[in-house]
Amino acid sequence: MTRPIVITGTDTGIGKTVFAAGLAGLLDGHYWKPVQAGVEPETDSATVARLSGLPKERLLEEAYRLRLPASPHLAAREEGLVIEAEHLALPEVDGALIVEGAGGVLVPLSEALLMVDLFASWGAPAIVCARTGLGSINHSLLTARALRASGVRVLGVVFIGDPHAENEHIVPKLAGVPSLGRLPWLDPLDRDTLGYAMRTHIDLAPLKAFL
Ligand SMILES: Nc1ncnc2c1ncn2[C@@H]1O[C@H](COP(=O)(O)OP(=O)(O)O)[C@@H](O)[C@H]1O
Ligand SMILES: [Mg+2]
């Protein structure tokens, strides 16, 4: 049975792919990036392959792989395409399917379809990735609200970056969701350091009922 978990976040470039790689590895699951906009220096799937150590067959092919590193609606338009929900059906796998969104929840896939609409259409729950630093409270709470407003269950929030005790306390409290912990900034970042950080810093208990 497919157990999809959407990895979304407050922004692009905040560590969704790194966390998704860690989680897919930890759960021994599959990874899928339905819409990839931008392929240089590597796709998110390639990053996950490198950082998770999962075999190639666990990395599912993107439904849309677009060259332009831009909002998906624009990257698609550049290639004469319109992204359509019917081409984005959730793949069926046995076990956990880690699905990484593009950018944040209100990113447009087309002029008629937002990232969050897709999550809602799948009925899949989400984890919100958030930075620890200044600006994170507002962005995290907006993200959690937008997901809920569209009927997407929020399994929890995960922080990425240097410790910030107050933000790590207040965001889960005001969002009304559990914290999965904080993935520290890793240097070097590789399969071993990520695997170790996931095992020692991330609490999977909030996911247990779902998995
Ligand atoms: N925990 C981390 N430790 C070190 N580098 C990280 C970490 N998380 C993300 N990065 C780096 O930050 C950049 C953006 O991360 P990425 O996971 O691609 O973000 P997103 O998927 O949200 O766009 C990448 O260069 C990535 O290697
Ligand atoms: Mg990414």
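Since this is a predicted model, take the numbers as computed values, not measurements.

Caption draft 1: The arrangement of the pairing of strand S11 (residues 179-183) in detail. With four of its five residues buried, S11 lies for the most part within the structure. Both strand S10 (residues 154-160) and S11 contribute to a ladder of four bridges, which runs parallel. By the bridge assignment for S11, Phe159 is matched with Arg182. Read as a crossover between parallel neighbours, the route from S10 over helix H6 (residues 165-175) to S11 is right-handed.

Caption draft 2: Main features of the layout of surface pockets. Space inside the largest pocket adds up to approximately 710 Å³. Broken down by secondary-structure element, the contributors of at least two residues to the lining of the largest pocket are helix H1 (16-26), strand S3 (35-37) and helix H2 (44-52). Counting residues per element, the lining of the largest pocket draws most heavily on H1, at four residues. Residues belonging to the lining of the largest pocket are distributed by class as follows: 17 nonpolar, eleven polar and six charged.

Caption draft 3: Expanded view of empty space enclosed by the protein. In this structure the tally under the stated criterion is one cavity of 30 Å³ or more. Computed from the structure, the largest cavity encloses a volume of approximately 40 Å³. In this structure, the largest cavity is lined by Val128, Ser140, Leu141, Ala144, Val154, Gly156, Val157, Val171, Ala175 and Val177. Mapped by element, the contributors of at least two residues to the lining of the largest cavity are helix H5 (136-149), S10 and H6. When grouped by side-chain class, the residues that make up the lining of the largest cavity number eight nonpolar, two polar and no charged.

Caption draft 4: Fine view of H6. Within H6 the residues assigned to the buried category are Asn167, Ile170, Val171, Pro172 and Ala175. Tucked inside the fold, the buried residues of H6 contact H5, S10 and S11.

Caption draft 5: Structural view of the site of ligand 1. Not every one of the 13 residues close to ligand 1 is listed here, only the nearest: Gly13, Gly15, Lys16, Thr17 and Leu186. Between an oxygen atom of ligand 1 and a main-chain N or O atom of Gly15, the distance comes to 2.9 Å. Side-chain polar atom of Thr17 to an oxygen atom of ligand 1: 2.8 Å apart, as the coordinates give it. Burial of ligand 1 by the protein amounts to 74% of the accessible area it has alone, namely 550 Å². Of the pockets mapped on this structure, ligand 1 occupies the largest pocket. The element best represented in the shell around ligand 1 is H1, accounting for three residues.

Conventions used here
Residues numbered from 1 in each chain as written. Chains lettered and ligands numbered in written order. Predicted model: local features only at pLDDT ≥ 70, side-chain atom pairs only at ≥ 80, totals over all residues. Heavy atoms only, no water. Buried < 20%, exposed > 50% of the residue type's maximum accessible area, 1.4 Å probe, protein only. Helix = DSSP H or I, 4+ residues; strand = E, 2+ residues; numbered from the N terminus. Pairing = 2+ DSSP bridges. Right-handed = clockwise from strand over helix to strand, strands pointing away. 1 Å grid on protein atoms, 1.4 Å probe; cavity = no way out; pocket = protein on both sides within 12 Å on 5 of 7 lines; lining within 4 Å. Points joined across faces, edges and corners; volume = space filled by probe spheres on them. Nonpolar A, V, L, I, M, F, W, Y, C, P; charged D, E, K, R; others polar. Contact = heavy atoms within 4.5 Å. Near = heavy atom within 4 Å. Polar contact = N/O pair within 3.5 Å; in protein donor to acceptor, adjacent residues only side chain to side chain. Areas by Shrake-Rupley, 256 points an atom, 1.4 Å probe, with all protein chains shown as cover. Sits in = over half its atoms within 2 Å of the grid points.

Keep in mind that these numbers describe shape and distance, not what the molecule does.
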